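Residue strings, one per chain:
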Amino acid sequence: MGVSRRGASSRAPRTILEAESAGQIINGDCIAEMSRLPAGSVDLVFADPPYNLQLKGDLKRPDDSAVDAVDDAWDQFASFEHYDAFTRAWLLAARRAMKPSATLWVIGSYHNIFRVGTILQDLGFWILNDIVWRKTNPMPNFRGRRFTNAHETMIWAARDPNAKKYTFNYEALKAANEDVQARSDWVIPLCTGDERLKGDDGKKVHPTQKPEQLLARVLLSSSRPGDTVLDPFFGSGTTGAMAKKLGRNFIGIERDKTYAEAARQRIAAIEPLPEATLATFVTAREAPRVPFSALIERGLVSAGAQLTDSKRRHIALVRADGAISIGQQVGSIHRLGAAAQGLEACNGWTFWHVDEGAKGLTPIDALRAKIRAEL
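By the naming in an unreviewed UniProt entry, the protein goes by Methyltransferase and is assigned to Variibacter gotjawalensis. Under Sequence similarities (unreviewed entry), UniProt gives the following word-for-word description of the protein: "Belongs to the N(4)/N(6)-methyltransferase family." Looking at the protein in UniProt, the text filed under Catalytic activity (unreviewed entry) is "a 2'-deoxyadenosine in DNA + S-adenosyl-L-methionine = an N(6)-methyl-2'-deoxyadenosine in DNA + S-adenosyl-L-homocysteine + H(+)".

So this is what it looks like as structure tokens:
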């Protein structure tokens with residue numbers, strides 16, 4: 001059996017199928033096409049390469065009916081050595097296209113992910129996490145001789161060991177997870193129902209279409225609006241569909257014209273989410289610095305006004321120079337907030353409030369947020 005890779009010959013005609021302004025779909029060999037991209041140009045790579053499933057013969061259910069397994073030519077390799085050479089080649093091409101701060105995701109099963117992980121490390125990538133995608137509706141093990149394969153593994157890696165400015169939206173993920181750190185085991189169902197692309201014959205367009213929820217979580221965790229996402233094994237276009245929906249740009253490379261056209265039609269029908277829902281989650285540490293004096297300069301707090309805590313136990317006078325005073329004590333909102341409570345430290349922004357009459361007490365932090373919104 002000869003080597004078959006998921007990529008057309010580098011001599012094959014190159015076709016670019018535009019998918020509106022969000023990105024482009026390139027019909028061609030993934031290695032050759034990635035070598036044409038500008039070096040250091042993409043912010044994120046998501047790769048769903050051939051798994052090299054090594055299926056032997058037909059797979060049947062207990063009732064002797066055939067299972068629609070992945071037996072396509074693009075998933076067949078002559079040996080592990082050939083698969084490893086292919087993996088090394090596409091990883092090198094992807095690494096070249098990545099910005100120094102970019103990261104790469106690659107998904108696989110027990111058939112290939114360990115080989116991919118070894119090659120990743122050999123090439124200088126730095127593994128950040130392995131993510132277990134646990135399927136709520138896995139395909140059963142029809143022969144009854146092994147455990148049901150109920151998960152796949154994703155490796156998340158930085159371009160090199162010294163990468164420190166890669167994107168990880170930690171605070172947003174934590175906020176979405178009820179203020180608990182996001183975990184490395186993701187429970188997401190297989191792609192089924194209306195989400196599954198089907199041809200006119202009612203059959204699946206692509207045998208390994210990934211669920212949109214999986215790609216959405218990848219993009220939301222490790223990219224930002226406006227970033228460029230590269231998918232060298234584009235398939236049915238789930239990466240592009242979610243990139244467009246979430247305000248990211250994408251470059252999809254796919255050798256099979258049928259898959260590429262199906263992806264183009266799918267993505268063309270996607271409506272991006274409203275811009276306000278995609279705004280980057282900014283932590284207090286990342287937010288622009290706004291001094292208390294800026295509130296006075298903007299007229300949000302007047303010199304001579306009184307500040308109080310939420311229970312009205314303490315009162316401070318706002319000075320024209322941006323400091324506050326309690327009796328003879330003068331200092332910052334933080335220092336006097338701590339002194340009023342007999343503490344060593346205090347976040348004055350959340351401790352002090354202004355009385356807005358019928359509106360009640362308003363934290364001065366809410367007034368600072370108005371200025372930050374303008375910035």
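In this section: the packing of helix H2 (residues 80–97) against helix H3 (residues 113–122). Between H2 and H3, whose axes approach to 10 Å, the crossing angle comes to 50°. Taken together, H2 and H3 sit at an angle that is classed as oblique. Where H2 crosses over H3, the two elements pack in a sense that is right-handed. Between H2, through Phe80, Tyr83, Asp84, Thr87, Arg88 and Leu91, and H3, the contact on the second element is made entirely by Arg115, Val116, Ile119 and Leu120. Its residues assigned to classes, the contact of H2 with H3 shows 6 nonpolar, 1 polar and 3 charged.

Turning our attention to helix H7 (residues 257–268). Each turn of an α-helix holds 3.6 residues, which means side chains three or four residues apart point in the same direction. Its 12 residues place the ends of H7 16 Å apart at the C-alpha level, agreeing with the 16 Å of an ideal helix rising 1.5 Å per residue. One side-chain oxygen of the residue at the start of H7 lies 2.8 Å from the amide nitrogen of Thr258, identifying that residue as Asp256.

The next point concerns a negative patch on the surface. On the surface, a cluster of negative charge is made up of Glu171, Glu178, Asp179 and Glu286. The exposed category is assigned to Asp179, whose relative accessible area is 58%.

If you walk through the whole model with that rule in mind, you get 10 aromatic pairs. Aromatic side chains Phe86 and Phe233 sit 6.1 Å apart centroid to centroid with 70° between the ring planes, which places their arrangement in the edge-to-face category. Of this pair, Phe86 sits in helix H2 while Phe233 sits in the loop between strand E8 (228–231) and helix H6 (238–245), placing them 147 residues apart in sequence. Of the residues examined, Phe233 reaches a relative accessible area of 2% and is grouped as buried. Geometrically, the ring pair formed by Trp90 and Phe233 is edge-to-face, given 5.1 Å between the ring centres and 85° between the ring planes. Here Trp90, found in helix H2, pairs with Phe233, found in the loop between E8 and H6; they are 143 residues apart in sequence, far enough to count as distant. Here the two residues Trp90 and Phe233 agree in accessibility, since each one is buried. Grouped by ring-pair contacts, the aromatic residues Trp105, Trp156, Tyr166, Phe168, Tyr170 and Trp186 constitute a single cluster. Above the face of the Phe125 ring, Arg95 is positioned so that its terminal group lies 5.6 Å from the ring centre. Here the basic side chain of Arg368 rests over the ring of Trp349, its NZ or CZ set 4.3 Å away from the ring centre.

Conventions we followed
Residues numbered from 1 in each chain as written. Predicted model: local features only at pLDDT ≥ 70, side-chain atom pairs only at ≥ 80, totals over all residues. Heavy atoms only, no water. UniProt positions renumbered as here; feature names shortened; annotations may be inferred. Axes fitted to C-alpha atoms, helices over the stretch in contact; angles between N-to-C directions. Helix = DSSP H or I, 4+ residues; strand = E, 2+ residues; numbered from the N terminus. Parallel < 35°, antiparallel > 145°, perpendicular 65-115°, else oblique. Left-handed = near helix turned anticlockwise from the far one by under 90°. Contact = heavy atoms within 4.5 Å. Nonpolar A, V, L, I, M, F, W, Y, C, P; charged D, E, K, R; others polar. Expected span 1.5 Å × (residues − 1). Polar contact = N/O pair within 3.5 Å; in protein donor to acceptor, adjacent residues only side chain to side chain. Patch = residues over 30% accessible without salt bridge, like charges linked within 9 Å, V, L, I, M, F, W, Y side chains within 5 Å. Areas by Shrake-Rupley, 256 points an atom, 1.4 Å probe, with all protein chains shown as cover. Salt bridge = Lys/Arg side-chain N within 4 Å of Asp/Glu carboxyl O. Lys, Arg positive; Asp, Glu negative; His and termini not counted. Charge placed at Lys NZ, Arg CZ, Asp CG, Glu CD. Buried < 20%, exposed > 50% of the residue type's maximum accessible area, 1.4 Å probe, protein only. Phe/Tyr/Trp six-rings, centres within 6.5 Å; stacked < 30°, edge-to-face > 60°. Lys NZ or Arg CZ within 6 Å of the ring centre and 35° of its normal.

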